Amino acid sequence: MAVLTAEQVAQFREQGYLKFGQVADPEHCRALMQRLTDVMEGRSKAQPEAKRNLLGDGSEQVVVQVVNIWEADDLFREHLYNPTVCEAVCQLIGCDVLRVWHDQVQYKPPKVGGPTSWHQDHPYWPIIQPADLVSAWMAIEDADIENGCMWMVPGSHLWGNHMDFIREHVRTFDAMPAEFEGHRIEVKPCPVKRGEVHYHHALTWHGSPDNKSPRPRRAIAVHYMTEETRYVASGNHPMKPFVEVQDGEVMRGEHFPLVWEAKRELSL
């Protein structure tokens, strides 16, 4: 049964992002917050692939990134298999099978939460092609303009890879130009309530400002790929040591779990 309407799928393919409804209840979100705290404080049974401040250890501002928290905690692993999320992503991409490329938590603490620079996801993933991945970004607690929700540039996923331009010309959150190569640029806030999910394409321009509010902002993003996603050995990425396939082969293996097949709901 389709999770999304034809209109929602069309909107995503036109704009490069889509806000969806609730996929986790408040109790589940509170449990995820506690599990995240356990991982960050070293109390989980295992450790994630990475745990760092994206702005640097010496920065007064903080954006904590935790990569592959699913490897450290069973509740986050279970989240990868959310059937509503997986079915929706299949509709958005137009595929029947999903694997996880990786997940990541981004936590912006109160008052000192820093910005996430404008970027596109796929240029940071040079060991996989094609650039058709979709990210499912779920708020573990309310994300709004005040505490640093994501902002998107509608339609930018259709323009190709332009990270060089973004790095050079959009160096602060407020520096977005009004136009790019004949395309009018708009920036749109994307507030997401606790337990709701927001989908975006791997080439959509997006970023988020500081969290100057007294409230934290925690979210979990899962980056989903298809059975057409292939390994590019010439690239480099922190996940490269975990790749088990050869150049040009479909990405698969224990670190890239199969989470969805059409007409067959998978589980742990």
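Above this note sits the structure.
Reference entry: report on the structure contained in this document.

Reading the values: the criteria
Residues numbered from 1 in each chain as written. Predicted model: local features only at pLDDT ≥ 70, side-chain atom pairs only at ≥ 80, totals over all residues. Heavy atoms only, no water. Helix = DSSP H or I, 4+ residues; strand = E, 2+ residues; numbered from the N terminus. Expected span 1.5 Å × (residues − 1). Buried < 20%, exposed > 50% of the residue type's maximum accessible area, 1.4 Å probe, protein only. Contact = heavy atoms within 4.5 Å. Polar contact = N/O pair within 3.5 Å; in protein donor to acceptor, adjacent residues only side chain to side chain. Salt bridge = Lys/Arg side-chain N within 4 Å of Asp/Glu carboxyl O. Core = buried A, V, L, I, M, F, W, Y, C linked by side-chain atoms within 4.5 Å. 1 Å grid on protein atoms, 1.4 Å probe; cavity = no way out; pocket = protein on both sides within 12 Å on 5 of 7 lines; lining within 4 Å. Points joined across faces, edges and corners; volume = space filled by probe spheres on them. Nonpolar A, V, L, I, M, F, W, Y, C, P; charged D, E, K, R; others polar. Phe/Tyr/Trp six-rings, centres within 6.5 Å; stacked < 30°, edge-to-face > 60°.

### Concerning helix 2 (residues 26–40)
Taking 1.5 Å of rise per residue, the 15 residues of helix 2 would be expected to cover 21 Å, and the 21 Å separating its terminal C-alpha atoms lies within 8% of that figure. Turning to helix 2, its buried residues are Cys29, Leu32, Met33, Leu36, Asp38 and Val39. Of the surrounding secondary structure, the elements contacted by the buried residues of helix 2 are strand 2 (50–53), strand 3 (64–67), helix 3 (74–80), strand 4 (97–108), strand 7 (134–139) and strand 14 (217–225). Positive phi appears at Gly42, one or two residues downstream of helix 2, with a value of about 80°.

### A few points about the side chain of Asn82
Within the fold, Asn82 resides in the loop between helix 3 and helix 4 (83–93). For Asn82, a relative accessible area of 13% puts it in the buried group. Within polar-contact distance, the side chain of Asn82 engages the backbone nitrogen of Val85 at 3.1 Å.

### Concerning the pattern of salt bridges
All told, the structure shown has 15 salt bridges when counted by the stated rule. Ionic pairing is found between Asp144 and Arg215, a salt bridge with its closest N-O pair at 2.9 Å. Note that Asp144 is positioned in the loop between strand 7 and strand 8 (150–152) and Arg215 in the loop between strand 13 (206–208) and strand 14, a separation of 71 residues in sequence. Here Glu146 and Arg215 are joined by a salt bridge, their closest N and O atoms 2.9 Å apart. Taken together, the positions of Glu146 in the loop between strand 7 and strand 8 and Arg215 in the loop between strand 13 and strand 14 put the pair 69 residues apart, joining distant regions of the chain. If you follow the salt bridges from partner to partner, you end up with Asp38, Glu41 and Arg43 in one network.

### Re the nonpolar core
In this structure, Leu98, Tyr199, Tyr224 and Val259 are the most contacted members of the largest nonpolar core, which totals 44 residues. If you tally residues by element for this core, the top one is helix 4, at seven residues. Cys149, Val153, Ile185 and Cys190 belong to the second-largest nonpolar core, a separate cluster that totals 23 residues.

### A short note on the layout of surface pockets
Roughly 770 Å³ of volume is contained in the largest pocket. Elements with a contribution of two residues or more to the lining of the largest pocket: strand 2, strand 3, strand 4, strand 5 (116–119), helix 5 (163–169), strand 13 and strand 14. Considering each element in turn, the lining of the largest pocket owes the most residues, five residues, to strand 14. Its residues assigned to classes, the lining of the largest pocket shows 17 nonpolar, 13 polar and six charged.

### What to know about unusual backbone geometry
The amide bond that connects Gln129 to the next residue, Pro130, takes the cis arrangement and shows omega of 0°. Following the sequence through the fold, Pro130 ends up in the loop between strand 6 (128–129) and strand 7. In the Ramachandran plot, Lys111 falls in the positive-phi region, its phi being about 70° despite a non-glycine side chain.

### So, the packing of aromatic side chains
Under the definition given, this model contains ten aromatic pairs. Here Trp101 and Phe256 contribute two aromatic rings whose centre-to-centre distance is 5.9 Å and whose plane-to-plane angle is 10°, an arrangement assigned as stacked. A residue pair is termed long-range when its members are at least 10 positions apart, and Trp101 in strand 4 and Phe256 in the loop between strand 15 (230–231) and strand 16 (258–261) qualify at 155 residues. When its relative accessible area of 0% is taken as the criterion, Trp101 is described as buried. Between Trp159 and Phe180 the ring centres are 6.0 Å apart and the planes differ by 35°, which places this aromatic pair in the tilted class. Placement of the pair is Trp159 in the loop between strand 8 and helix 5 and Phe180 in strand 9 (residues 179–180), with a sequence separation of 21 residues. Of the two residues examined, Trp159 and Phe180, each falls in the buried class. Following the ring pairs from residue to residue traces out a cluster consisting of Trp159, Phe165, Phe180 and Trp205.

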